[in-house]
Amino acid sequence: MSVKIILTEPNKLLRQVSKTVEKVGEEERMLMDDMLDTMYAAPGIGLAAIQIGVPKRIIVMDISRDENKKEPMYFVNPVIKNKNEEKAKYEEGCLSVPEQFAEIERPNACEVEYLDYEGKKQMLNADGLLATCIQHEMDHLEGILFIDYLSKLKKSMIIKKLSKIRVNREIF
Ligand code: K2U
Ligand code: ZN
């Protein structure tokens with residue numbers, strides 16, 4: 001298991017639509033293990049495979065935020081079956097949009113169908129932070145970032161800042 005590099009915006013690879021997984025095998029399980037290592041090291045509470053450059057419809061999450069009591073969750077080919085009408089706002093960040101945050105409004109609950117680590121069909125009713133996180137990660141599978149919901153001006157200011165951060169990191 002290993003920690004991988006997380007792609008950061010602006011990067012065309014992050015804009016790919018990820019592909020359905022035909023079968024959950026050893027390769028996919030190793031990928032999910034690496035994704036979890038990478039997510040915990042960041043640290044974060046969710047990660048989509050595309051964020052480490054693998055365009056597969058795979059997400060890992062752990063919203064426990066407790067070093068000593070990890071509760072990893074694995075989602076292969078997740079599909080949101082329905083979303084609540086009621087919305088909730090959350091100050092979102094993203095490991096692929098470093099040091100930038102914005103208040104994003106999303107349905108406050110949703111039902112997700114997916115395959116688990118063993119490839120078994122599961123259903124999850126998510127609300128609160130879990131619902132926000134799964135919808136944030138599902139966007140990654142469509143090549144969508146939370147900054148895409150912002151005004152053109154705000155989004156362009158963030159991308160300009162990210163480009164500067166990248167140049168400074170390369171120089172120093
Ligand atoms: O996709 C990612 O980059 C992982 C995000 C997931 C996330 C974004 C917004 C709201 C909830 C989850 C990272 O975990 S961002 C870091 C973080 C950590 C704790 C709580 C919220 C965000
Ligand atoms: Zn993200």
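Refer to the preceding data block for the structure.
Calculation criteria
- Residues numbered from 1 in each chain as written.
- Chains lettered and ligands numbered in written order.
- Predicted model: local features only at pLDDT ≥ 70, side-chain atom pairs only at ≥ 80, totals over all residues.
- Heavy atoms only, no water.
- Near = heavy atom within 4 Å.
- Polar contact = N/O pair within 3.5 Å; in protein donor to acceptor, adjacent residues only side chain to side chain.
- Areas by Shrake-Rupley, 256 points an atom, 1.4 Å probe, with all protein chains shown as cover.
- Helix = DSSP H or I, 4+ residues; strand = E, 2+ residues; numbered from the N terminus.
- Nonpolar A, V, L, I, M, F, W, Y, C, P; charged D, E, K, R; others polar.
- Buried < 20%, exposed > 50% of the residue type's maximum accessible area, 1.4 Å probe, protein only.

A. Representation of the site of ligand 1. Taken together, 16 residues are adjacent to ligand 1, and I45, G46, L95, H136 and E137 come closest. At 2.8 Å from an oxygen atom of ligand 1 is found a main-chain nitrogen or oxygen belonging to I45. In this structure, H136 approaches ligand 1 through a side-chain N or O atom, which is 3.0 Å from an oxygen atom. Here ligand 1 loses 89% of its free accessible area of 470 Å² to cover by the protein chains. Among the elements that make up the shell around ligand 1, the one with the highest residue count is helix α2 (residues 128–141) (six residues). Here the shell around ligand 1 is built from residues that sort into six nonpolar, seven polar and three charged.

B. A look at unusual backbone geometry. Following E9, the chain continues to P10 via a peptide bond in cis, the omega torsion being -5°. For P10, the position within the fold is in the segment before α1 (26–41). Of the consecutive residues A42 and P43, the connecting peptide bond is found in the cis state with omega at -5°. Examined against the element boundaries, P43 turns out to sit in the loop between α1 and β1 (46–48). The backbone of R65 sits at a positive phi, close to 50°, despite the residue not being glycine. With respect to the secondary-structure elements, R65 resides in the loop between β2 (58–61) and β3 (73–83). A relative accessible area of 61% places R65 in the exposed class. The phi dihedral of N77 falls on the positive side, at around 50°, and the residue is not glycine.

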